[in-house]
Amino acid sequence: MTRKIMLFLMTFIFIAVMVACDDSLTTTTTTSASTSSETDSTTTSTSNSTTTTTTTTTTTTSSQSQTTQTTTKLTDLIPEECSSIEIVDGWVPTWCDEFKYVGGVDPTKWIHVVGGGGFGNQEQQYYTSRSQNAYVDGEYLTITALKEAYGGSNYTSAKIWTQENSAWDNGTSWKYGKFEMRAKLPAGRGTWPAFWMMPKSSVYGGWPKSGEIDIMEHVGYNPNVVLGTLHSERFNGTNGRGGSTTSLLTSGQLTSIDVLNEFHTYGIVWTETKIEWFFDGLSIGSVSFDPRAQNSFAYPTSVDWPFDQKFYLILNLAIGGTWGGAQGIDDTIFPTEFVIDYVRVFQQDYISDDTEVPTQPTGPAILYKVSRTAFLTWNPSIDDNQIKRYAVFVNGVLRNYTSVNGIQLTSLKATFDNIITVIAEDYAGNLSTPMQTVISIE
Ligand SMILES: [Ca+2]
Ligand SMILES: [Ca+2]
């Protein structure tokens, strides 16, 4: 969304791009024949009894020391507002806004973005925090776009996000998890609603290097298409490669689905190596990352996959712009509304019941070596719960952690056999048997 200029072009070519590029990013688009409307929160559930934190309390008496361990279950940490949300497949609701209050959006959860100027996409709206543009009625958040002169713009609307800053840090950015919105999309040519995520910290550099996750985007002039897209340094549109896009719904699939007048859920499941899109709980497509399959190994994995940092959530309704306004703005559509029933964040507990250490990483492969830089990959470890990361040591010194099974190593020791050690760690802190390999630099 930050640079929609490329999305417009990309929309029509993304499938071809992904097929044509034999890349490490693999796009899978599932063309489900089912077009029925359903809500995934009512499917069968398996409640996990999960443990997230362990608190060790040491009590010293006059004659002995006694250590007791108390555990806090993730399910005990569910916020009250989210307590009625069913736990499905182990996804524990750890943050939500059900909009069961009246007035402006909850200031402990959201911050309004106020202003105009186009946001890099020639968007026509001015975002305000007024109730005319964003209002919670006890059941829904309604973002309303209006045609009115305001702040130098001809339209007003609203944009809210959970981004933290130095003055406001509520734990509202996340790394991995399930993110879901239930909403009705606005109707009319010129509308451009989105539910998306941006990195909390630009550790890999400015856009697009640190990534962007578009969970749901829609433009009013093309009502039968809803898009999910990833942006990275490799895929961003400005380099002619498009985003790593998955189309949630093609026109053919949407013939019996009304996203404008009916509520539907839009979500992703984001793990260490994959982001998968869901519509009404049905898997629609995914983009996965395997560093062993990169098409170029001269770069760090973040060039393809910067999605190993915390991201925050954004909801907005843009008017016009390079994509939303590509066919102009129909001034008869206003006011037009983006109605959100809820936004939910779920996390998995990978600590509870973890009884096994990760398997030893195997199959080390040096896929690139130039000067003192090398790209090393290995076969992923397997765990009874989930691999959190790999610790990579060079000559016995910890070099870095990586969430995926590959790493670029720079500044290796010249004229030397560098001993590389890789150890897998699960979320419970269990460590695998080390894998060792040698990278010789002549
Ligand atoms: Ca609601
Ligand atoms: Ca384990």
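Above this text you will find the structure in question.
Thresholds applied
Residues numbered from 1 in each chain as written. Chains lettered and ligands numbered in written order. Predicted model: local features only at pLDDT ≥ 70, side-chain atom pairs only at ≥ 80, totals over all residues. Heavy atoms only, no water. Pairing = 2+ DSSP bridges. Helix = DSSP H or I, 4+ residues; strand = E, 2+ residues; numbered from the N terminus. Axes fitted to C-alpha atoms, helices over the stretch in contact; angles between N-to-C directions. Core = buried A, V, L, I, M, F, W, Y, C linked by side-chain atoms within 4.5 Å. Buried < 20%, exposed > 50% of the residue type's maximum accessible area, 1.4 Å probe, protein only. Contact = heavy atoms within 4.5 Å. Donors = N, O, S within 2.8 Å, 3.2 Å for Na, K, Ca; no water.

## Some points on the sheet that holds strand β25 (residues 387-394)
Phase 1: What the four strands build is an open sheet, ordered β26-β25-β28-β29; its pairing is antiparallel. The strands lining the two open edges of the sheet, one partner per strand, are β26 (397-402) and β29 (435-441). Neighbour-to-neighbour, the strand axes of the sheet open up by a mean angle of 25 degrees, direction not taken into account.
Phase 2: Where strand β28 (residues 416-426) lies against β29, seven bridges are found, and the strand directions are antiparallel. Bridge pairing links isoleucine 420 to threonine 437 in β29.

## Some words on the nonpolar core
Phase 1: Judged by nonpolar contacts, the single largest core of 52 residues is most densely connected at Leu141, Ile213, Trp270, Leu313, Leu315, Phe338 and Ile340.
Phase 2: In terms of residue count, strand β21 (residues 311-319) provides more of this core than any other element does, five residues in total.
Phase 3: The residues contacting tryptophan 270, other than those within four sequence positions of it, are Trp174, Lys175, Tyr176, Gly177, Phe179, Met197, Ile213, Ile275, Phe307, Gln309 and Phe311.
Phase 4: If you look at the next biggest cluster of nonpolar residues, it comprises 16 residues, including Leu376, Leu409, Ile420 and Val422.

## Some words on the environment of phenylalanine 235
Phase 1: One can find phenylalanine 235 in the loop between β16 (226-231) and β17 (244-249).
Phase 2: For phenylalanine 235, a relative accessible area of 0% corresponds to the buried category.
Phase 3: When the C-alpha positions of phenylalanine 235 and lysine 209 are compared, they lie 9.5 Å apart, and in sequence the two are 26 residues distant.

## Side note on the coordination of the calcium ion (ligand 2)
Phase 1: The coordination sphere of the calcium ion (ligand 2), as far as protein atoms go, consists of Asp354 (OD), Asp354 (OD), Glu356 (O), Asp383 (OD), Asp383 (OD), Asp384 (OD) and Asp426 (OD), spread over 2.3 to 2.5 Å.
Phase 2: All donors of the calcium ion (ligand 2) belong to a single chain; written as a sequence motif, their spacing is D-x1-E-x26-D-D-x41-D. Pair noted here: aspartate 354 is in the loop between β22 (336-347) and β23 (362-370) and aspartate 384 is in the loop between β24 (373-379) and β25, with a separation of 30 residues, a long-range link.
Phase 3: Among the residues examined, aspartate 384 registers a relative accessible area of 28% and is labelled partly exposed.

Everything listed here is a matter of coordinates, which is why it stays silent on function.
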